[in-house]
Amino acid sequence: MASKSGGFSVRGLREWLEAPVAEGGNAGRTPLDALRGAAARITTPLLPDDYLHLVNPLWSARELRGRIVEVRKETADSATLVIKPGWGFDFKFAPGQYIGIGVLVEGRWHWRSYSLTCPPDWTGDATNKGRRLISIAVKAMPEGFLSSHIVSGVPEGTIVRLAAPQGGFVLPDPAPSKVLFLTAGSGITPVMAMLRTMDRRDAVPDVLHVHSARTPDDVMFGDELRELHDRRPGFTAHLHLTGENGKFALADLDTVCPDWRERETWACGPLPMLDEIEKHWAAAGIGDRLHVERFEIERNATAEGGTVTFAKAGRTAEVDGATTLLQAGESAGVQMPFGCRMGICQTCVVTVTGGHVRDLRNGKEHRAGDKIQTCISAAAGDCTLEV
């Protein structure tokens, strides 16, 4: 309950201070939002951004920003971005969480979410002179405009927009005594943050990591996994090459990891792999020991498409039934709330004020007055959103 004195509300004061930051459209909150908002209030009607960004683009009270300080190739189609966040970023995130990143391409901001691959409060190597940094790793996807742009040519020094870390696929502190990681492809990225965190804390318990990739050249962080395997007695890396051996069969766990039923397990990779793992763990009666992170939406329905009107923004977009309302808004230049982009975090919820939209996961139709998640909903005819 908020404390009050003579009509004064601590909660009300905090919300008033945080309002300028919330109006900036950043997903998630950080403990510094009130401080950032206070700076904006003090300088109103001019915001700090109106002149501070001329001195340093990272000094913003209105939005989280960062500067790319290093682009490092991991494989032929993936790269690590090392980013120096600006004012207001919360470095006390949990290993395994993700952030939103916005990149300006041809005059339009493109947003995606990527797992952090660094431990909390990371300062990089000696060349970074103690500056607190973050890193993400991006794999270029054939249908992914932004991922291909980042991997193929985003230059160092680029200023990006950031959304606060979030997500429940995290490693507890302390870590369980027995851990199993099951990953494939770029699904290794959140697990790298967990491994690096345990290594940095000098607390690596009994950890077995089964990772699948098509060829040795496709293994992200391959050299680091081998080095950690050799240096840490508690860590075992088991690499499975699908180009030679086909997909990893869960029945082989009894050979590769005989005590898998006793381990706390984190799994991340393609949807079919995760679906199979969930069924396997459920059949064993240990579903509560399994933690799963999905990078894409499982679509079981289609929609009709139509004209989407974004009422507050005063913009419209013509979209097909496969385009989510979040994508439609962003393509029209609307500042859309967003988070995980996978129908989990509820950050993207807005109200339908006219027409109909359809949930692409289950086909459920929503109408005026309903609140919907724009990241997993599409237009079922002409519709209007309150955003």
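As the structure is a computational prediction, the values presented were derived from the model and not from experiment. (Residues numbered from 1 in each chain as written. Predicted model: local features only at pLDDT ≥ 70, side-chain atom pairs only at ≥ 80, totals over all residues. Heavy atoms only, no water.)

A few points about the overall build of the protein
Next up, step 1: The secondary structure content of the protein amounts to 10 helices and 19 strands.
Next up, step 2: Out of the 387 residues in the protein, the part that is buried amounts to 49%.
Next up, step 3: Of the contacts formed within the protein by residues at least 6 apart in sequence, a portion of 64% connects residues at least 24 apart.
Next up, step 4: For the protein, the exposed area adds up to about 18000 Å²; of that, 52% sits on carbon and sulfur atoms. (Helix = DSSP H or I, 4+ residues; strand = E, 2+ residues; numbered from the N terminus. Buried < 20%, exposed > 50% of the residue type's maximum accessible area, 1.4 Å probe, protein only. Contact = heavy atoms within 4.5 Å. Areas by Shrake-Rupley, 256 points an atom, 1.4 Å probe, with all protein chains shown as cover.)

Concerning the pairing of strand 11 (residues 235-241)
Next up, step 1: Note that strand 10 (residues 206-213) and strand 11 share seven bridges and pair parallel. By the bridge assignment, serine 212 is partnered in strand 11 with histidine 240.
Next up, step 2: Remark: the strand 10/helix 6 (residues 222-231)/strand 11 crossover connection has right-handed handedness. (Pairing = 2+ DSSP bridges. Right-handed = clockwise from strand over helix to strand, strands pointing away.)

Describing the packing of aromatic side chains
Next up, step 1: Overall, the coordinates contain three aromatic pairs when judged by the stated rule.
Next up, step 2: Here phenylalanine 89 and phenylalanine 91 contribute two aromatic rings whose centre-to-centre distance is 5.2 Å and whose plane-to-plane angle is 70 degrees, an arrangement assigned as edge-to-face. Residues phenylalanine 89 and phenylalanine 91 agree in their burial class; the two are buried. (Phe/Tyr/Trp six-rings, centres within 6.5 Å; stacked < 30°, edge-to-face > 60°.)

Thoughts on the pairing of strand 9 (residues 178-184)
Here is the key point about a regular strand: its side chains alternate between the two faces of the sheet.
Next up, step 1: Taken across its seven residues, strand 9 has six buried, putting it largely inside the fold.
Next up, step 2: Of the pairings in the sheet, the one linking strand 9 to strand 10 comprises seven bridges and is parallel in character. Bridge pairing links valine 179 to valine 207 in strand 10.
Next up, step 3: In the sheet, strand 9 pairs with strand 12 (residues 264-268) via five bridges, with the strands oriented parallel. Its bridge partner lying in strand 12, valine 179 is registered against glutamate 264.

Describing the sheet that holds strand 10
The strands that make up a sheet pair up through hydrogen bonds in the backbone, lying either parallel or antiparallel.
Next up, step 1: Here we have five strands laid out as an open sheet, ordered 11-10-9-12-13, and parallel in their pairing. Since the sheet does not close on itself, it has two edges, and those belong to strand 11 and strand 13 (290-293), each with one partner. Taken pair by pair, the neighbouring strands of this sheet meet at an average axis angle of 15 degrees, ignoring direction.
Next up, step 2: Strand contacts of helix 6: strand 10 and strand 11, with the helix running at about 140 degrees to strand 11, the strand carrying the most contacts. (Axes fitted to C-alpha atoms, helices over the stretch in contact; angles between N-to-C directions.)

Remarks on the state of the cysteines
Next up, step 1: Applying the stated criterion to the full structure yields zero disulfides.
Next up, step 2: Unpaired in this structure, cysteine 375 has its nearest cysteine sulfur neighbour in cysteine 348, at a distance of 3.7 Å.
Next up, step 3: Residue class for cysteine 375 comes out buried when judged on its relative accessible area of 4%. (Disulfide = S-S within 2.5 Å.)

Quick notes on the side chain of serine 135
Next up, step 1: When you line up the elements, serine 135 lands in strand 7 (residues 134-139).
Next up, step 2: Taking relative accessible area as the criterion, serine 135 reaches 2% and is therefore assigned buried.
Next up, step 3: A polar contact of 2.7 Å, which involves the side chain of serine 135, links it to the side chain of threonine 117.
Next up, step 4: When sequence neighbours within four positions are dropped, the list of residues in contact with serine 135 reads Thr80, Leu81, Val82, Ser115, Leu116, Thr117, Cys118, Trp122 and Arg196. (Polar contact = N/O pair within 3.5 Å; in protein donor to acceptor, adjacent residues only side chain to side chain.)

Notes on the environment of cysteine 340
Next up, step 1: Here cysteine 340 shows up in the loop between helix 10 (325-331) and strand 16 (349-359).
Next up, step 2: On the basis of relative accessibility, which here comes to 4%, the residue cysteine 340 falls in the buried class.
Next up, step 3: Residue contacts for cysteine 340: discarding those within four places in its chain leaves Tyr98, Ser113 and Cys345.

Observations regarding the pattern of salt bridges
Next up, step 1: Summed over all chains, the structure comprises 26 salt bridges.
Next up, step 2: One salt bridge connects glutamate 70 with arginine 72, and the closest N-O pair in it is separated by 3.1 Å.
Next up, step 3: For glutamate 70, a relative accessible area of 27% translates into the label partly exposed.
Next up, step 4: Linked through salt bridges whose partners overlap, the residues forming this network are Lys178, Asp206, Asp259, Glu262 and Arg263. (Salt bridge = Lys/Arg side-chain N within 4 Å of Asp/Glu carboxyl O.)

Points about the confidence of the model for the protein
Next up, step 1: Residue-level pLDDT values for the protein average 87, and 87% of them are 70 or greater.
Next up, step 2: The low-confidence segment residues 1-6, where pLDDT is below 50, has seven contacts with residues more than four positions distant or belonging to other chains. (pLDDT = per-residue confidence, 0-100.)

A word on the environment of proline 233
Next up, step 1: Among the structural elements, proline 233 can be located in the loop between helix 6 and strand 11.
Next up, step 2: A residue is classified by how much of its surface remains accessible, and proline 233, at 82% relative accessible area, is exposed.
Next up, step 3: Put simply, proline 233 and proline 205 are 28 residues apart on the chain and 8.9 Å apart in space, counted from C-alpha to C-alpha.

As for unusual backbone geometry
Next up, step 1: Residue aspartate 173 is joined to proline 174 through a cis peptide bond whose omega torsion reads 5 degrees.
Next up, step 2: When you line up the elements, proline 174 lands in the loop between strand 8 (159-166) and strand 9.
Next up, step 3: In this model, aspartate 202 sits at a positive phi of 55 degrees, which is unusual for a non-glycine residue.
Next up, step 4: With respect to the helices, strands and loops of the structure, aspartate 202 is situated in the loop between helix 5 (189-200) and strand 10.
Next up, step 5: Take aspartate 202: its relative accessible area is 55%, and that puts it in the exposed class.

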